[in-house]
Amino acid sequence: MKKLFFLITSLLFLITANAQDDVYPAKDYKGVLFIINGTIHVGNGQVIENGTIKIENGKIVAVGQNISATQDAKVVDSKGKQIYPGLILPVTDLGLKEIANGVRGSNDYEEIGDLNPSIRSIVAYNTDSKIIGTLRASGILLASVTPQGGTISGSSSVVQLDAWNYEDAAYKLDGAIHVNLPTFIARPNRFAFFLGLPQDHVDPTKQALEKIAEIKSFFRQAKAYLQEPTHKETNLKFEAVKGLFDKKQKLFVHGDQVKQMLIAIDFVKEFGFDVVMVGASESFQIADLLKQNNIAVILQEEHALPATEDDDVDQPYKTPYQLQKAGVLFALNDQHDETRYRNLMFNAGTAAAYGLTKEQALQSITLNSAKILGIDDRTGSLEVGKDANIVISDGDILDMRTSIISAAFIQGRQVSLENKQTQLYERYMKKYGLMK
Amino acid sequence: MGILRMHPPGKLFFLVMVLLSISFYTKSQTTFPVNGVADPRTATFAFTNATIVKDGQTTLQNATLIIREGKIISVGTNAQVPKDAVVVDCSGKYIYPSFIDIYSDYGIAIPERQRNGFDFRAPAQFNSNTKGAFNWNQAIKPEVDGSKLFATDDAKAKPLRDNGFGTVLTHEKDGIARGTGVVVTLANEKENLVIVKEKASAHYSLSKGVSSQSYPSSLMGVIALLRQTYLDAQWYKSKPAKEGTNISLQAWIDNQNLPQIFDANDKWNDIRADRIGDEFGVQYIIKGGGNEYQRINEIAATKATYILSLNFPQAQDVEDPNDARFVSLADMKHWELAPTNPAAFEKANIPFCLTSADLKDLKQFMANLRKAFDNGLSEEKAFDALTKTPATLINVYDKVGSIDAGKIANFLITKGPIFKEKTVILQNWIQGEKYDVKEEGWNDIKGTYNLVISSANGSSNYTLDVKSDNSASVIGKDTLTTKFNYDGKIIKLSFSSAIAKKPAGTDSSAQNKSGKFGGGMRGAAASYRLSGVSNGNVWNGNGDDTAGNILTWTATFAKATPIIADSTKKKMTPKVGKVLYPFDGYGWEELPKPENILIKNATVWTNEKEGKLDNTDVLVKNGKIVQIGKNIVDASAKVIDGTGKHLTAGIIDEHSHIAAASINEGAQSVTSEVRIGDNLNPDDINIYRQLSGGVTSSHILHGSANTIGGQTQLIKLRWGVDDDGLKFKGADGFIKFALGENVKRTTSSNNNRFPDTRMGVEEVLTDAFTRAVDYENAMKNADANNKKKGATQTVVRRDLELDALVEILNKKRFITCHSYVQSEITSLIRVADKFNFRVNTFTHILEGYKVADKMKAHGSSASTFSDWWAYKMEVQDAIAYNATIMQKVGLNVCINSDDAEQARRLNQEAAKSVKYGGMAEEDALKMVTLNPAKALHVDDKVGSIKVGKDADLVLWSDHPLSIYAKSLTTIVDGTIYYDIQKDEAARKYIVHERNRLVQKMMGEKKSGGATMPAQPSFQVILSCGDHEHHDGLITIDASDEDVNTNK
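What counts, and at which threshold
Residues numbered from 1 in each chain as written. Chains lettered and ligands numbered in written order. Predicted model: local features only at pLDDT ≥ 70, side-chain atom pairs only at ≥ 80, totals over all residues. Helix = DSSP H or I, 4+ residues; strand = E, 2+ residues; numbered from the N terminus. Buried ≥ 20, exposed ≤ 12 C-beta atoms within 10 Å, placed from the backbone. Contact = placed C-beta atoms within 7 Å. Pairing = 2+ DSSP bridges. Axes fitted to C-alpha atoms, helices over the stretch in contact; angles between N-to-C directions. Parallel < 35°, antiparallel > 145°, perpendicular 65-115°, else oblique. Left-handed = near helix turned anticlockwise from the far one by under 90°. Nonpolar A, V, L, I, M, F, W, Y, C, P; charged D, E, K, R; others polar. Expected span 1.5 Å × (residues − 1). Arc of directions from axis to C-beta. Domains from an automatic or database assignment. pLDDT = per-residue confidence, 0-100. Core = buried A, V, L, I, M, F, W, Y, C linked by C-beta atoms within 7 Å. Right-handed = clockwise from strand over helix to strand, strands pointing away.

Let's shift gears to the overall build of chain B. Helices and strands together make up the secondary structure of chain B, namely 26 helices and 45 strands. By principal-axis analysis of the C-alpha atoms, chain B measures approximately 120 × 80 × 55 Å. Residues classed as buried in chain B amount to 53% of the 1047 residues present. Taking contacts inside chain B between residues at least 6 apart in sequence as the whole, the part at least 24 apart equals 68%.

Shown next, in the form of structure tokens:
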């Protein structure tokens, strides 16, 4: 009996050890919460010094200077601290890709096939990904989990980053369909390039236009199909893009090149879609056209080298400023595979160093992202009626010197900032006797 | 003796018709049997009344050239014409020695690369696939003998002959050591007779060509292989029993007394090749790449003679701005300046010859040569470069290259001075045999002729006005519509009497006399088709007319067309842009120089015990920091106001892969013989970009494809200097090691290279150092033995790979080791303990925090990423607190980039340790300045702001750890290499210069010049192959497909 007990305990222990996570999603908090004495960066450009946020049942019910905390409520004193809306990662493979290289089994972000609009990222989203905790600790509280690959990759869903499972995590389902446009630049065959062999000549424009015709043909047929309510044979692919036509979904068009973005205007003009350009590193060249056509932009990679050796050395850093100036609605992203997206706020910091105001930069990772993802009615700024998705930082969140997160709330729940990295930190600080 | 031979029908036909009765001289070899009747001839010719350009110095007027049996018998103004000579009157003609091309593969096929089935991810091929007693490396094949491969190829010879070439040095253009070249004439004869010199040269290149062997996979590997082969050949002379017979090494030794020709093909490669030569006492003749004008001083310093191609780039079609965007200014400038390349050589007094090699269409040869003239090349120099210079270089000037008695009768007959725009080459004589180039040009047929057309009905007279070979008019009463063609012999003439198609009875004055042949064909056009032969001043022929009448005709020369003097407008040298250093929009017209600089009133982060000093001045002189204090005054110094700004030591990147032409020699697990310093690339724009981020020194590491990688190179970011100038002088040598997933090729599904596990990695290290110890002992023993009197000399093969390892054992070379997980870190430390050396630096070292105590005990530095993780299995436990923990344990910790983009923000990367673990700010800054200086053993020179140290400084707009800080000025050795205001000016210049060149290229297209589609200027970003990089639209990450490692 003793032996059996031992066996059971060790089994239990093993199970715990395998799952390892002793970081728990926070319990629901339905009560009242005051965050007081902080500098509130609302997310819409407004800054409230020494302000208070009142939260009830997970929602922000008051924001301002002259709000006093009631006695029975939970109070978080943020004296000298900076309060921000929870940051939003607008396009990511978070929860779909655990180990980027060499461990195929840990990856679920790219499906086989070219036209996959019915593929849904949410069903593979792994809430136990070790990456997620490090993002929460950086103040990133929401993410739009996005499939990749093919021409139409599927639909993305927004999740909140403190959940037991994907159904808990779901914040907005299938809000965007993702299309990858073909390239208009013929990349050399690397084999030939490095060996100095003659390149096979292909006309990239011709190939690209053929592919684009194919994409449009898909949407034309989908539109026709969707006008007929009943079908003998159901087409899941057409069904999956229904939301685009009734504007319940947006079309996220991935591409960096000017010609790709000009083609994207077709999706506005011909189909009336809400179009968002993702990538768009060359968007600074046609910012006014994007504005005119109401195309929003998600800049994927700000910490990048300039596209050409002749470009201004700071071109990618100042692209956000150029979009802001033209009035384009844009958000910043972080898809850096080696740091795993935790530097989103520093992308915004760089944008602030190269032209944006700090509040504009903040907006590009909060409210703008929420607008683009269609969740700005619920989050993206610290305004009354929205979810209490809140981050508290010791100082300027955009600058690594001061971006030290002391608390974070998702829907009013104070979430754990612990993660695998903080735990290993403590473990080894203990080993060396350095823990205070 | 005539041999039964096949000739093209055109040639036979021509033989029958030829007026100058130049015989078809069929040479034959005594040993070859004759099928038919012998036909021995001496083929003696006398070319009289010619202007003979014997060589670049001597021109004879009204002279005679006599040739016999393919040789020149005499040349002079009073030469006796032998009685048996066929006399060719060359009045008004010029005779030149024919051209020589010493970089040809005429008659030698390039081996085909097997494209199918070749796969980068295929298993490595460790040994040569060539069967036989040859070299271990498939690309080293000095035994290849061009004379054995050569086969006459008249189809290839003709275009060369048409451009004036008579002799070429040809070789097999494949491999690193390519074997010997053979000098042949371009005569269409049996191989036995056209070979002038069987082994005239030995050839080399930096490309392994079709070799399927994995090694070498990088430029630095090629260089190492060449160096090792020189050493091996030296050693092979001692007939080492262990080597057995090595035909390749013997051939290498035998070839050394020949002229050594190196296909370097690029300005930096020229210099790299020359350095290999210098090391082994060889002066190569270097085949350049056409961009040498960009570094002409460095090229001159090689003291080499060059072979230059006239393959100038075509204009690109840049009409679409979206295409033009990706064509770099450098490529556009090169298009404009490439034709100045030969002139740059002439101006710099660098000897050179010209080659037709690389031209896609040989017809461009003369056109491009004229472009070179337009851009400053002198005709005299060009002539030498095509005759005497190449002949002298390969020691055949006694046979070809000038018109002198005794030489081979290789010469050109032209109608005017050879390089004048309208001059045509009429005939190209090779080995005393005539080859037509433009026979029809021999006689000037321009003029008026009396044309008499006769038929049974009588005859009629016209005037024939011949304007050129293909244009003439027949004049009766009026000028008639005429078609005319003269091919040197045959005349074709047709014309129609322009009878007006008017109703009958109307005025018929337009009719000419031909009407009478028409017999009642009034109102219809009569046309005549005539053909004939030129018999000198009289042409005779026959023909018919529309009515079917049979005609004969005669045209007799009446008078010449008066020559209108060529209005010799002197061509203006075209206006072209300036050469910049580096050849890039951000380059300099003139390199910046060290200045006396006084930075006033800044917050100075000294990194010394003084700490951070407010409102402090720093004075820089002669490249050094000379004074730090308050209120410094120095009238000689340029003052920079530092009020409100921060001054720090320049950032040092311990782990970088910029500014190199190749990074990974991954074909073997131990490649300590390769050196990054052999292939620095000073043109890399990332040098400039990183200066803008405050970086002043970078440690350029070999990649991580193998356990023992190559020797590294510490550089200073002196933007604009040459490769040697980049090197950090006086710094200790380092070498890159790597452990873990990369070296066991985890991402390859079919790795066949040992090791495949961390167990094997450790054994690779133990084995390598064991061999190194044995090698060192063998060397020492041999030395001791050889000093003994009368001892048989022992020769130990020098091994560059083991030399580097012996340096490590002797603490003359230091290791920086790519490593991640704790087991591999510990195991390398134990190997080092065993062999009594220290692992100087662990780089990446993301699990360093787990064994920081062991690393400290061993005495290693750590160089890590701030917050990288989860990009592969071995970094699952990486934490952003790593630097802080290691620093708290007492290690010397650096933060490095390993990424060309992130290197621009290393100060911010260091700042992350303030966020993760609460490191003090001054300590954080030291992680990218003083600590890497310590790790690299250069903290006596750089890394802090201290009197006496190098003035490598950055003036920041803001707190240097802040994301808002930008470098305003970056100073290296007291020289301002980056300045934010100068940068503004450079941006404007780029816009302006790009626009100018786009317009110029469009002009070229409009004026009908050949253009090609716009070619994006792809930028190769090299990396260690460890992780993804975040590069632009037209960058190629060289690690993507792991081209170099054959993964």
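Read on for the rest.
Across its full length, chain A holds 14 helices and 16 strands. Based on the C-alpha atoms only, the size of chain A along its principal axes is roughly 70 × 65 × 55 Å. Counting the 436 residues in chain A, one finds 51% classified as buried. Sequence separation of at least 24 residues holds for 68% of the intrachain contacts in chain A that already meet a minimum separation of 6.

All names here are of chain B. As judged from the five bridges shared by strand β27 (residues 612-621) and strand β28 (residues 624-629), these two strands associate in the antiparallel manner. Among the inter-strand pairings, valine 618 is bridged to a residue of β28, identified as isoleucine 628. Between β27 and β28, which follow one another and run antiparallel, lie two residues, and asparagine 622 among them has a positive phi close to 50°.

Below, the discussion takes up the sheet that holds strand β39 (residues 893-895) of chain B. Residue and element names in this part refer to chain B. Spatial strand order, β33-β35-β36-β37-β38-β39: six strands in an open sheet with mixed pairing. The two strands at the open ends of the sheet, each matched to only one other strand, are β33 (708-711) and β39. For this sheet, the mean angle separating the axes of adjacent strands, direction not counted, is 25°. Lying over the sheet, helix α19 (residues 800-809) contacts β33, β35 (733-738) and β36 (813-819), oriented at roughly 100° with respect to β36.

This paragraph deals with the packing of helix α18 (residues 758-787) of chain B against helix α20 (residues 822-834) of chain B. Residue and element names in this part refer to chain B. Remark: α18 packs on α20, axes separated minimally by 10 Å, with the N-to-C direction vectors making an angle of 15°. Judged by the angle between their axes, α18 and α20 are roughly parallel. Judged by the twist between their axes, the crossing of α18 over α20 is right-handed. Listed contacts from α20 to Arg758, Val761, Glu762, Leu765, Thr766 and Phe769 of α18 are Ser823, Glu824, Ser827, Leu828 and Val831. By residue class, the composition of the contact of α18 with α20 is five nonpolar, three polar and three charged.

Residues and elements named next belong to chain B. Taking 1.5 Å as the rise per residue, α20 with 13 residues should run 18 Å; its terminal C-alpha atoms sit 18 Å apart, in good agreement. For α20, the complete set of buried residues consists of Glu824, Ile825, Leu828, Ile829 and Ala832. Projection of α20 onto a plane perpendicular to its axis shows the buried side chains occupying an angular sector of 140°, all on one side. Residues of α20 that are buried in the fold lie against α18, β36, β37 (841-844) and α21 (852-858). Asparagine 836 sits one or two positions beyond α20 and adopts a positive phi of about 60°.

This brings us to the domain arrangement of chain A. Residue and element names in this part refer to chain A. The assigned domain composition of chain A is domain 1 (21-85 + 380-436) and domain 2 (87-377). Measuring from the centre of the C-alpha atoms in domain 1 to the corresponding centre in domain 2 gives 29 Å. Counting from both sides, the interface comprises 33 residues of domain 1 and, opposite them, 33 residues of domain 2. Every element with two or more residues in the side of domain 1 that touches domain 2 is listed here: β5 (82-85), β14 (390-393), β15 (405-410) and α14 (420-431). Here the residues of the side of domain 1 that touches domain 2 sort into 15 nonpolar, 13 polar and five charged.

Let's shift gears to the domain arrangement of chain B. All names here are of chain B. With domains assigned, chain B is organised as domain 1 (1-98 + 401-444), domain 2 (99-112 + 132-400), domain 3 (447-499 + 525-559), domain 4 (592-650 + 943-990) and domain 5 (759-786 + 799-942). Here the C-alpha centre of domain 5 lies 30 Å away from the C-alpha centre of domain 4. Looking at the side of domain 4 that touches domain 5 residue by residue, the classes come out as six nonpolar, six polar and four charged.

What follows covers the confidence of the model for chain A. Averaged over all residues, the pLDDT of chain A equals 92, while 92% of them reach at least 70. Below a pLDDT of 50 lies the segment residues 1-20 of chain A, which in the model reaches zero contacts outside its immediate sequence neighbourhood of four places, other chains included.

Let's shift gears to the sheet that holds strand β19 (residues 458-468) of chain B. The strand order around the closed barrel built from eight strands is β18-β19-β20-β21-β22-β23-β24-β25 (chain B), with neighbouring strands paired in antiparallel fashion. For this sheet, the mean angle separating the axes of adjacent strands, direction not counted, is 25°.

Residue and element names in this part refer to chain A. Turning to its location among the elements, leucine 362 is positioned in helix α12 (residues 358-363). Under the C-beta neighbour-count criterion, leucine 362 is labelled buried, with 31 such atoms within 10 Å. Spatially, the C-alpha atoms of leucine 362 and isoleucine 397 are 8.8 Å apart, while their sequence positions differ by 35 residues. Excluding its chain neighbours within four sequence positions, the residues that come into contact with leucine 362 are His41, Gly43, Tyr84, Ala348 and Leu398.

Core analysis: the biggest nonpolar cluster contains 374 residues, and Val253, Val276, Met277, Val297 and Ile390 of chain A together with Leu65 and Ile95 of chain B have the highest contact counts within it. Counting residues in hydrophobic clusters, the runner-up holds 20 residues, among them Tyr462, Phe484, Leu551 and Ala555 of chain B.

Let us look at the environment of lysine 208 of chain B. Residue and element names in this part refer to chain B. Looking at the element boundaries, lysine 208 is found in the loop between β9 (195-205) and α5 (219-236). The buried category is assigned to lysine 208, around which 23 C-beta atoms lie within 10 Å. Those residues within four positions of lysine 208 in sequence are excluded, and the remaining contacts are Ala139, Gly175, Ile176, Pro216 and Val222.

A large share of strand β31 (residues 651-656) of chain B lies buried, amounting to six of its six residues. Once the chain exits β31 of chain B it traverses helix α16 (residues 685-691) of chain B before rejoining the sheet at strand β32 (residues 695-700) of chain B, and the crossover so formed is right-handed.

A common way to state how big an interface is: give the accessible area lost once the parts meet. Taken together, the contact between chain B and chain A spans 63 residues of the former and 51 residues of the latter. Ranked by residue count, the leading element in the side of chain B that touches chain A is helix α23 (residues 906-915) of chain B, at five residues. Split into classes, the residues belonging to the side of chain B that touches chain A amount to 29 nonpolar, 14 polar and 20 charged.

Let us look at the packing of helix α10 (residues 329-337) of chain B against helix α26 (residues 980-1006) of chain B. Between two packed helices, both the angle of their axes relative to each other and the distance between the axes serve to describe the pair. All names here are of chain B. The interhelical angle for the contact between α10 and α26, taken along N-to-C directions, is 50°, at an axis separation of 10 Å. With respect to their mutual orientation, α10 and α26 come out oblique. The way α10 lies across α26 gives a crossing that is left-handed. The segment α10 lies against α26, with Leu329, Met332, Lys333 and Glu336 engaging Ile990, Glu993, Arg994, Leu997, Lys1000 and Met1001.

Another aspect to go through is unusual backbone geometry. Of note, the bond from tyrosine 215 of chain B into proline 216 of chain B is cis; its omega dihedral lies within 30 degrees of zero at -10°. Mapped onto the elements of the fold, proline 216 of chain B is located in the loop between β9 and α5. Tyrosine 581 of chain B connects to proline 582 of chain B through a cis peptide bond whose omega is -5°. Within the element layout of this structure, proline 582 of chain B appears in the loop between β25 (550-559) and β26 (597-605). Here the phi dihedral of asparagine 37 of chain A falls at roughly 70°; this positive angle occurs in a residue that is not glycine. A tally of 17 C-beta atoms within 10 Å means that asparagine 37 of chain A is categorised as partly exposed. In this structure, aspartate 898 of chain B takes a positive phi of about 55° despite not being glycine. You can see aspartate 898 of chain B is positioned in the loop between β39 and α23. Using a count of 26 C-beta atoms within 10 Å as the deciding quantity, one classes aspartate 898 of chain B as buried.

This brings us to α26 of chain B. Residues and elements named next belong to chain B. For α26, which comprises 27 residues, the first-to-last C-alpha distance of 39 Å matches the rise-based estimate of 39 Å (1.5 Å per residue) to within 8%. Looking at α26, one finds that the buried residues are Ala986, Ile990, Arg994, Leu997 and Met1001. The inward-facing, buried residues of α26 abut β13 (315-317) and α10. Looking one or two places after α26, you find glycine 1008, whose phi comes out positive at around 85°.

Residues and elements named next belong to chain B. For glycine 730, the position within the fold is in the loop between α17 (723-726) and β35. Owing to 10 C-beta atoms within 10 Å, glycine 730 belongs among the exposed residues under this scheme. Remark: the alpha-carbon pair of glycine 730 and glutamine 316, spanning 414 residues in sequence, is separated by 45 Å.

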